[in-house]
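What follows is each chain in one-letter form.
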Amino acid sequence: MASNNIRSPLSYHFLMINLLILLFISLLHTALATTSSSQTDNANYIEIACNSTTYPQECYKSLLPYTSKIKANPQKLCRTSLSITLKAAKNASSTVSNILKQKGLTRLEAAIIKDCIVNIKDSLAELMQSLDAMDHLSGLDKEFQIDNIKTWLSAALTDENTCMDGFEGEVISTIVKQKIRNIVLKIARLTSNSLSLINSFTYY
C-alpha cells in the first residue's frame, strides 16, 4: 500500500511533464506555421509588386531577402528598393573610380570614364535626395514629395544612361567598355525598378 502511495505522485509528475511537452510542441508548431505563412504572404506581395516593374526578376531577387522588413508595406517596399539602389550606386562609383586608376588607359578612355564618374555621382546625389524624401514622407505635402522623388529618380536614370551612351561609337577597349557597362546597367535597372514601384505607390 505504501508502495502505491509513493508511485502515485511520481506517475502524476511524469504525466504532467509529458502533457507540458506536448503542449509546447503544439504551440511551437503553430508559431512556426504562422511565421511560414506570413513569410509566404510577404514574398507573394513583393512578387506582385515587382511584376509592375521593367525588370521584375531583378526586382524580386533584390527585395526577397528583406521580406520580414517590408511586411507588405508599400512605403517600406519603396524605401528598401531605394536603399538597395543607393548602395549599388555607391559601389559602382567606387569600382569605376578604381578602373580609372588602372595603367594602360588611353586618353580617350580616361576622358570617357571621368565623364561616366561624374554621371554616376550625379545619380548618387539624386538617389540620396529620393531616399531622404521617402524617410520624411509625411504631412499634407506627400503628393508633392512623391513627385519630387519621381523627378530625382528619372534624373538619376538619365545620368546612368548618359554614362553608358558615352562609350558608344568610340574606339576603346572592349573589356573596359563591357566591365563599366555591366556595372552601370545594374544600377540603371535598380533605379528603373525603384521608379516603377514609386509610380505604383499609394500614399493615401
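The preceding data block contains the structure.
Here, residues in each chain are numbered from 1, in the same order as that chain's written sequence. Local features are withheld for residues below a pLDDT of 70 in this predicted model, meaning they are given only at 70 or higher, and side-chain atom pairs are given and counted only at 80 or more; totals for whole chains, interfaces and linings count all residues. Just so you know, side-chain values use all the structure's heavy atoms and leave hydrogens and water out.

Asks: Account for the overall build of the protein chain, with residues named and values stated.
Replies: The secondary structure content of the protein chain amounts to seven helices and zero strands. Ordered by position in the sequence, the α and β elements of the protein chain form the string α-α-α-α-α-α-α. Using a 1.4 Å probe on the protein chains alone, a residue whose accessible area is under 20% of its type maximum counts as buried, one over 50% counts as exposed, and one in between counts as partly exposed. The buried share among the 204 residues of the protein chain stands at 35%. Contact definition: two residues touch when any of their heavy atoms are within 4.5 Å. Taking as baseline every contact in the protein chain between residues at least 6 positions apart, the subset at least 24 positions apart corresponds to 71%. All accessibility values rest on the Shrake-Rupley procedure with a 1.4 Å probe; residue burial counts only the protein chains present in the view. Counting only carbon and sulfur atoms, one obtains 58% of the accessible surface of the protein chain, whose full area is about 12500 Å². Strands are runs of DSSP state E lasting at least 2 residues, helices are runs of H or I lasting at least 4, and numbering of each runs from the N terminus.

Asks: Now, about the state of the cysteines: what can you tell me, with residues and values included?
Replies: Our working definition of a disulfide is a cysteine sulfur pair at a distance within 2.5 Å. Under the counting rule described, the total for this entry stands at two disulfides. Cys116 shares a disulfide with Cys163; S-S distance 1.8 Å. Across the disulfide from Cys116 to Cys163, rotation about the S-S bond amounts to roughly -60°, and the bridge is consequently left-handed. On the criterion of sequence distance, the pair formed by Cys116 in helix α5 (residues 107-135) and Cys163 in helix α6 (residues 142-165) is long-range, its members being 47 residues apart. Cys116 sits in the buried class, given a relative accessible area of 0%. Numbered by order of appearance in the sequence, the disulfide-linked cysteines of the protein chain pair as 1-2, 3-4.

Asks: Tell me about unusual backbone geometry, residues and numbers included.
Replies: Trans is the common state for peptide bonds, and a negative phi is the common state for residues other than glycine. One non-glycine residue, Lys71, lies in positive phi territory at about 50°. A positive phi angle, close to 55°, is found at Ala72, a residue other than glycine. Its location among the elements puts Ala72 in the loop between α3 (67-70) and α4 (74-100).

Asks: Requested: an account of the packing of α4 against helix α7 (residues 174-199), with residues and values cited.
Replies: Think of two packed helices as two axes; the pair is described by the angle between the axes and how far apart they sit. A fitted line through C-alpha atoms represents every axis, and for helices the fit uses only the stretch in contact; the resulting angles, taken between N-to-C directions, go from 0 to 180 degrees. Look at α4 against α7: their axes get within 9 Å of each other, and the N-to-C directions meet at 165°. As the angle between them shows, α4 and α7 are arranged roughly antiparallel. For the crossing formed where α4 meets α7, the hand is left-handed. Along its contact with α4, which presents Leu77, Cys78, Ser81, Leu82, Ile84, Thr85, Ala88, Ala89, Ala92, Thr95, Val96 and Ile99, the element α7 presents Val176, Lys179, Ile180, Ile183, Ile187, Leu190, Thr191, Ser194, Leu197 and Ile198. Tallied by class, the residues present in the contact of α4 with α7 amount to 16 nonpolar, five polar and one charged. Relative orientations are named as follows: roughly parallel for angles under 35 degrees, roughly antiparallel for angles over 145 degrees, roughly perpendicular for angles from 65 to 115 degrees, and oblique for any other angle. Two helices cross in a left-handed way if the nearer one is turned anticlockwise from the farther one by less than a right angle. They cross in a right-handed way if the turn is clockwise. Three classes are used: nonpolar for Ala, Val, Leu, Ile, Met, Phe, Trp, Tyr, Cys and Pro, charged for Asp, Glu, Lys and Arg, and polar for all others, with Gly counted as polar.

Asks: Outline the environment of Met128, supporting the account with residue identities and numerical values.
Replies: Mapped onto the secondary structure, Met128 falls in helix α5. Residue Met128 is classed as partly exposed on the basis of its relative accessible area of 45%. Placed 25 residues apart in sequence, Met128 and Leu153 show a C-alpha to C-alpha distance of 9.8 Å.

Asks: Now, about the side chain of Ser192: what can you tell me, with residues and values included?
Replies: Considering the arrangement of structural elements, one finds Ser192 in helix α7. Not counting residues up to four positions away in its chain, the partners in contact with Ser192 are Thr54, Tyr55 and Leu157.

Asks: Can you explain the environment of Glu58? Please cite residues and give values.
Replies: Inspection of the secondary structure assignment puts Glu58 in helix α2 (residues 56-63). Those residues in contact with Glu58 that lie beyond four places of it in its chain are Arg189 and Asn193.

Asks: I'd like to hear about the side chain of Ser81, residue by residue, with values.
Replies: With respect to the element layout, Ser81 can be found in helix α4. Once residues lying within four places of it in the same chain are set aside, the contact partners of Ser81 are Leu63, Ser194 and Leu197.

Asks: Got a sec to walk through α2? Specific residues and values, please.
Replies: Within α2, the full set of buried residues consists of Cys59, Ser62 and Leu63. On an axial view of α2, the arc spanned by its buried residues comes to 90°, and they lie on one face. Away from the buried face of α2 by more than 90 degrees, exposed residues Gln57 and Lys61 are located. Taken from the helix axis, the directions to the C-beta atoms give the arc we talk about.

Asks: Report on the pattern of salt bridges, specifying residues and quantitative values.
Replies: Salt bridges, as used here, are contacts in which a Lys or Arg side-chain nitrogen is within 4 Å of a carboxyl oxygen on Asp or Glu. For the structure on display, the rule yields three salt bridges. Among the salt bridges present, the one from Arg181 reaches Glu168, with a minimum N-O distance of 3.8 Å. Here Arg181 is found in helix α7, whereas its partner Glu168 is found in the loop between α6 and α7, with 13 residues between them in sequence.

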